[in-house]
Amino acid sequence: MKLSGWSRYPVLECRFESLRRIDDLPKLIRHGGTLISRGNGRSYGDAALNPELTLSMLALDRMQSFNTKTGMLACEAGVLLADILNTFVPRGWFPPVLPGTKHVTVGGLIAADVHGKNHHLDGSFGAHVEALTLVTADGNIRECSRNEHKDLFRATIGGMGLTGVILSARFQLMPIDSAFVMEQTLAASDLEATMALIEESRDWPYSVAWIDCQASGAKLGRGLVSRAIPIEQYALPPELANDPLQCPSVDMISIPIDLPVALLNQVSVKAFNALYYRQCGRAGERTRLTHFDLFFFPLDRVRAWNRLYGRKGFIQYQCVFPKEISLVGITTLLERMMSSGHRSFLAVLKLFGPGGDGFMSFPMEGYTLALDFPLHRDTLTLLRSLDEITHGYGGRVYLAKDACCTPDMVRQGYPQYDDFMTVRAEAAGSVPLFASALSRRLAL
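Reference entry: report on the structure contained in this document. Note that the structure is predicted; figures quoted are calculated from it, not measured.

**Describing the packing of helix α6 (residues 191-200) against helix α10 (residues 326-340)**
Between α6 and α10, whose axes approach to 11 Å, the crossing angle comes to 135 degrees. As summarised for this structure, α6 and α10 are arranged oblique, according to the angle between their axes. Every pair of crossing elements has a handedness; the one defined by α6 and α10 is right-handed. Together, L191, E192 and M195 of α6 and S326, L327, I330, T331 and L334 of α10 make up the contact between the two elements.

**Structural notes on the sheet that holds strand β20 (residues 347-352)**
The strand order across the open sheet formed by 8 strands is β17-β13-β15-β14-β20-β21-β19-β22, and the pairing between neighbours is antiparallel. The open sheet terminates on both sides in strands that have one partner only, identified here as β17 (285-291) and β22 (396-397). Two strands pair when backbone bridges link them, and strand β19 (residues 314-322) and strand β21 (residues 366-374) are joined in this way by 9 bridges, in the antiparallel orientation. Residue pairing across strands places I315 opposite F373, the latter belonging to β21. On top of the sheet, α10 reaches β19, β20 and β21; it is set at about 10 degrees to β21, its chief contact.

**Observations concerning empty space enclosed by the protein**
Here the structure, examined in full by the defined rule, presents 1 cavity of 30 Å³ or more. Here the largest cavity is characterised by a volume of approximately 50 Å³. Forming the boundary of the largest cavity are I315, Q316, Y317, Q318, L383, V397, Y398, K401, D402, A403 and C404. The greatest single-element share of the lining of the largest cavity, amounting to 4 residues, is contributed by β19. Classifying every residue of the lining of the largest cavity by side-chain character gives 7 nonpolar, 2 polar and 2 charged.

**Concerning the nonpolar core**
Ranked by size, the top nonpolar core spans 108 residues in total, and within it F171 and L349 carry the most contacts. Not counting chain neighbours up to four residues away, the residues in contact with F171 comprise G71, M72, L73, C75, I84, V106, F125, H128, V129 and E130. L19, M57, A428 and F434 belong to the second-largest nonpolar core, a separate cluster that totals 15 residues.

**Concerning the pairing of strand β14 (residues 206-211)**
Most of β14 is tucked away, with 6 of its 6 residues classed as buried. Residues Y206, V208 and W210 line one face of β14 and the alternating positions S207, A209 and I211 line the opposite face, and both faces are buried. Bridge count for β14 against strand β15 (residues 223-230) is 6 bridges, and the pairing is antiparallel. Its bridge partner lying in β15, A209 is registered against V225. Of the pairings in the sheet, the one linking β14 to β20 comprises 2 bridges and is antiparallel in character. Residue W210 lies in a different strand from β20, and its bridge partner there is V348.

**Remarks on unusual backbone geometry**
With omega at -5 degrees, the peptide bond leading from Y9 into P10 counts as cis. Relative to the assigned elements, P10 resides in the loop between β1 (2-3) and β2 (12-13). With phi around 40 degrees, D113 is a residue other than glycine that occupies positive phi space. Examined against the element boundaries, D113 turns out to sit in the loop between α3 (106-111) and α4 (119-122). Phi is positive for H149, which is not a glycine, with a value near 50 degrees. Among the secondary structure elements, H149 is positioned in the loop between β10 (141-145) and α5 (150-156).

**Topic: the packing of α10 against helix α11 (residues 379-392)**
At a closest axis distance of 10 Å, the pairing of α10 and α11 adopts a crossing angle of 160 degrees. Taken together, α10 and α11 sit at an angle that is classed as roughly antiparallel. Both α10 and α11 take part in a crossing whose hand is right-handed. Across the interface between the two elements, G329, T332, L333, R336, M337 and S340 from α10 touch L382, S385, L386, I389 and T390 from α11. A per-class count over the contact of α10 with α11 returns 5 nonpolar, 5 polar and 1 charged.

**Considering the packing of aromatic side chains**
Per the stated rule, a full pass over the model turns up 18 aromatic pairs. Taking the centre distance of 6.0 Å and the plane angle of 90 degrees together, the rings of Y44 and F314 count as edge-to-face. Here F314 lies in strand β19 and Y44 lies in the loop between β4 (36-38) and β5 (54-56), a separation of 270 residues in the sequence. Given a relative accessible area of 12%, Y44 falls into the buried group. The exposure class of F314 is buried, given its relative accessible area of 0%. Judged by centre distance (4.9 Å) and plane angle (85 degrees), the rings of Y206 and F296 are edge-to-face. Of this pair, Y206 sits in strand β14 while F296 sits in helix α9 (residues 292-296); the two residues are 90 residues apart in sequence, bridging distant segments of the chain. Members of the aromatic cluster, each reached through a chain of ring pairs, are W6, Y44, W305, Y309, F314 and F345. A cation over a ring is seen here: R42 above W6, with NZ or CZ 3.7 Å from the ring centre.

**Concerning the pattern of salt bridges**
With the rule as written, the count across this model stands at 16 salt bridges. Close ionic contact of R222 with D212 constitutes a salt bridge, the shortest N to O distance being 2.9 Å. With R222 in the loop between β14 and β15 and D212 in the loop between β14 and β15, the pair connects residues that are 10 residues apart, well separated along the chain. On the basis of relative accessible area, R222 is assigned to the buried category, the value being 13%. Exposure remark for D212: the relative accessible area of 2% places this residue in the buried category. One salt bridge connects D402 with R441, and the closest N-O pair in it is separated by 2.8 Å. In this pair, D402 sits in the loop between β22 and α12 (407-413) while R441 sits in helix α14 (residues 437-441), placing the two residues 39 residues apart along the sequence. Sharing partners across several salt bridges, the network here consists of D46, D402 and R441.

Calculation notes
Residues numbered from 1 in each chain as written. Predicted model: local features only at pLDDT ≥ 70, side-chain atom pairs only at ≥ 80, totals over all residues. Heavy atoms only, no water. Axes fitted to C-alpha atoms, helices over the stretch in contact; angles between N-to-C directions. Helix = DSSP H or I, 4+ residues; strand = E, 2+ residues; numbered from the N terminus. Parallel < 35°, antiparallel > 145°, perpendicular 65-115°, else oblique. Left-handed = near helix turned anticlockwise from the far one by under 90°. Contact = heavy atoms within 4.5 Å. Pairing = 2+ DSSP bridges. 1 Å grid on protein atoms, 1.4 Å probe; cavity = no way out; pocket = protein on both sides within 12 Å on 5 of 7 lines; lining within 4 Å. Points joined across faces, edges and corners; volume = space filled by probe spheres on them. Nonpolar A, V, L, I, M, F, W, Y, C, P; charged D, E, K, R; others polar. Core = buried A, V, L, I, M, F, W, Y, C linked by side-chain atoms within 4.5 Å. Buried < 20%, exposed > 50% of the residue type's maximum accessible area, 1.4 Å probe, protein only. Phe/Tyr/Trp six-rings, centres within 6.5 Å; stacked < 30°, edge-to-face > 60°. Lys NZ or Arg CZ within 6 Å of the ring centre and 35° of its normal. Salt bridge = Lys/Arg side-chain N within 4 Å of Asp/Glu carboxyl O.

See below:
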């Protein structure tokens, strides 16, 4: 069948199988070619695509155990984050790290070592994983942790599924008193002011900035910084305090067809961005009580929002710069985008804390910027120039969203690349069994 990631580029013809029983794995491993495991298809590019065999993990969706005293959850790799939230938020427990969508699997959270709006304080998802079980190329099931098979553990966190098939994991949930956060939004006039507000928000548990990529000149990088803190039950208004852990149904907007990409032109997006900035930033500050679902997953309210970019799809470009050079690097990146005539229709800026344990984990201490571009004839040319800027300033790109990086840039951007490749060879075999279109493109 034809498969793609969430960005719908590239599209590849793949043999597709669903892993329904762990006992079926040895036969699939011996099928005569390579394979890659796939969760819910929410990585953006070609990380979960393999024409020889793409193995769906969604049928392995059981929660196995939960410690009500410590908050330690054990579950299979195909469990969705949405199911964890629906099950445990009403019981007063919350995942330690949330990406921008809840429609991802636990295996995907680990393989991409996802980060969230709290990375500056709590790190990425892998930092909260106690152990995982992994099937390697020899067919053996190994339990990996920081004490047992520790190098394999570090290679698997952020390893994009290239060390084996993740079957299950144990990770920590954290206690909460309500499902609400107090969100404050502040307006910033340019990139330097936006980053200054993010720095001022370091003590807030969650922070993120929306960047207006239609603004140029003295307004380049102007944005809205949103920061939030969990609210305890006693601080809620009476109508919410009676049911503080509620998970209300969220109205969904559906995109039933691929929209003409011409609708997302510079004029329409510039008008929207200007209106959005004025409404949210008119008073310079806005504070509101918000359910966690609306704060963390605003795009999940739009079902199939990837169709907004048209039939050809889009590319999300995400990079990170070392902190001391982030302002210069991101300014250069935005200026290059402006000069190209392209505009990103969604731009998100976040602050990372120190990098994690994974050999190929994306975060490093600094600022990360994510940009969305509809796929046009010369979009990849622009992205290659952005890659050159990113790596020229000592940064790197996120493999879960990459579309056109080169092997040399990956080796340069990930300093523990050699450690990863050594462990990968031991786990996946001298001719790697676990491979993807991404790994072949990047010589991983």
